[in-house]
Amino acid sequence: VLDLGCGSGHNAVTLAQQGAKVIAVDPSAACLARARERAERAEVRVELHQGGLAELAFLRSDSVDAALSVMALASVYDVDRVFRQVHRVLKPQAPFVCSFPHPAFAMFDPTAADPLRVAHPYDQSAPLTWDLGPDVVTDHPRTVGELFTALNRASFLVDQLLEPTAPVRGSRSGGFADAMTSVPATLVLRGRKQGN
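Residues numbered from 1 in each chain as written. Predicted model: local features only at pLDDT ≥ 70, side-chain atom pairs only at ≥ 80, totals over all residues. Heavy atoms only, no water.

**Section: the overall build of the protein**
Here's step 1: Within the protein one finds four helices and nine strands.
Here's step 2: Going from N to C terminus, the protein has its helices and strands arranged as β-α-β-α-β-β-α-β-β-β-α-β-β.
Here's step 3: Rg of the C-alpha trace for the protein: 17 Å, near the compact-globule value of 16 Å for 196 residues, within the 12% margin.
Here's step 4: If one aligns the C-alpha atoms of the protein with their principal axes, the spans along those axes are about 50 × 40 × 30 Å.
Here's step 5: For the protein, with 196 residues in total, the buried portion stands at 39%.
Here's step 6: Roughly 10700 Å² of accessible area belongs to the protein as shown, and the carbon and sulfur atoms make up 52% of that amount. (Helix = DSSP H or I, 4+ residues; strand = E, 2+ residues; numbered from the N terminus. Rg over C-alpha atoms; globule rule 2.2 N^0.38 Å. Buried < 20%, exposed > 50% of the residue type's maximum accessible area, 1.4 Å probe, protein only. Areas by Shrake-Rupley, 256 points an atom, 1.4 Å probe, with all protein chains shown as cover.)

**Structural notes on the side chain of R142**
Here's step 1: Among the secondary structure elements, R142 is positioned in the loop between β7 (135-139) and α4 (144-153).
Here's step 2: Buried charged residue R142 carries no salt bridge. Nearest counter-charge: E146, at 6.1 Å.
Here's step 3: Within the structure, the side chain of R142 is placed 3.0 Å from the backbone oxygen of Y77, a separation counted as a polar contact. (Lys, Arg positive; Asp, Glu negative; His and termini not counted. Salt bridge = Lys/Arg side-chain N within 4 Å of Asp/Glu carboxyl O. Polar contact = N/O pair within 3.5 Å; in protein donor to acceptor, adjacent residues only side chain to side chain.)

**Describing the pattern of salt bridges**
Here's step 1: Throughout the structure, instances matching the rule amount to six salt bridges.
Here's step 2: Taking the shortest distance from any N to any O, the salt bridge between K193 and D62 comes out at 2.5 Å. Linking K193 in strand β9 (residues 186-193) with D62 in the loop between β3 (46-50) and β4 (67-70), this pair joins segments that are 131 residues apart in sequence.
Here's step 3: We classify D62 as partly exposed; its relative accessible area is 36%.

**Considering the sheet that holds strand β2 (residues 22-26)**
Here's step 1: Taken in spatial order, the seven strands of this open sheet run β3-β2-β1-β4-β5-β9-β8, and their pairing is mixed. Either end of the sheet is taken by a strand with one partner, and the two such strands are β3 and β8 (156-162). If you compare each strand with its neighbour and ignore which way they point, the axes differ by 20° on average.
Here's step 2: Looking at chain direction, β4 and strand β5 (residues 95-101) are connected through four bridges and run parallel. Looking at β5, one finds that L68 is bridged to V97.
Here's step 3: Each of β1 (2-4), β2, β3 and β4 touches helix α1 (residues 10-17); the most contacted strand, β2, lies at about 175° to it.
Here's step 4: The strands touched by helix α3 (residues 79-89) are β1, β4, β5, β8 and β9; relative to β5, the strand with the most contacts, the crossing angle is about 160°. (Pairing = 2+ DSSP bridges. Axes fitted to C-alpha atoms, helices over the stretch in contact; angles between N-to-C directions. Contact = heavy atoms within 4.5 Å.)

**Some thoughts on the state of the cysteines**
Here's step 1: On inspection of all chains with the given rule, the structure shows zero disulfides.
Here's step 2: Here C6 stays free of any disulfide, with the sulfur of C31 as its closest cysteine sulfur at 7.3 Å.
Here's step 3: Given a relative accessible area of 8%, C6 falls into the buried group.
Here's step 4: On the basis of relative accessible area, C31 is assigned to the buried category, the value being 12%. (Disulfide = S-S within 2.5 Å.)

**Quick notes on the packing of α1 against helix α2 (residues 29-42)**
Any two packed helices are characterised by the angle at which their axes cross and by the distance between the axes.
Here's step 1: For the pair α1 and α2, the least separation of the axes is 9 Å and the interaxial angle reads 25°. Classed by the angle they form, the pair α1 and α2 counts as roughly parallel. Note that α1 runs across α2; the crossing there is right-handed. Residues H10, V13 and Q17 of α1 form the contact with α2, whose participating residues are A35, R38, A39 and A42.
Here's step 2: Grouping the constituent residues of the contact of α1 with α2 by class yields four nonpolar, two polar and one charged. (Parallel < 35°, antiparallel > 145°, perpendicular 65-115°, else oblique. Left-handed = near helix turned anticlockwise from the far one by under 90°. Nonpolar A, V, L, I, M, F, W, Y, C, P; charged D, E, K, R; others polar.)

Rendered as structure tokens:
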């Protein structure tokens, strides 16, 4: 399983604990160090690579059973290139699951007095910058249509699209906003590799 933008390795370690051979890629040396520590604590093996998310030359074509990217591709300027490289390394019909900040949620400012008042256009294209702990992250917003089209151009058949809203009750992380119970904050897409 290829984990693109593995961050501190939460998903990579969980997959390895389930018996998967995991190859994790992230541009941040600090994130990879945390992922390495997490894997060592869990006593599992995760193959870690530092580099851009489209830098997959170290992988053979048609060699990966599945690929996953959780919220990492939003920070990539050339997502089309990443999709092409993921397509190259996946086996035929293999799944690629990726999530993005939902463009509908990006229309709102959850810190405003009225968090459900539209503050930005749906199809905004200007990069958005926000703090993620000690790091500053720049996201490149894309509409659902743009992501669907980019996956299609890279020869993925999108067979699942999820737009979950948060339950009204339940545990909350530090990034939770009440608006998430009304507007989906995450977009999840699953595509399957078509062709060679």
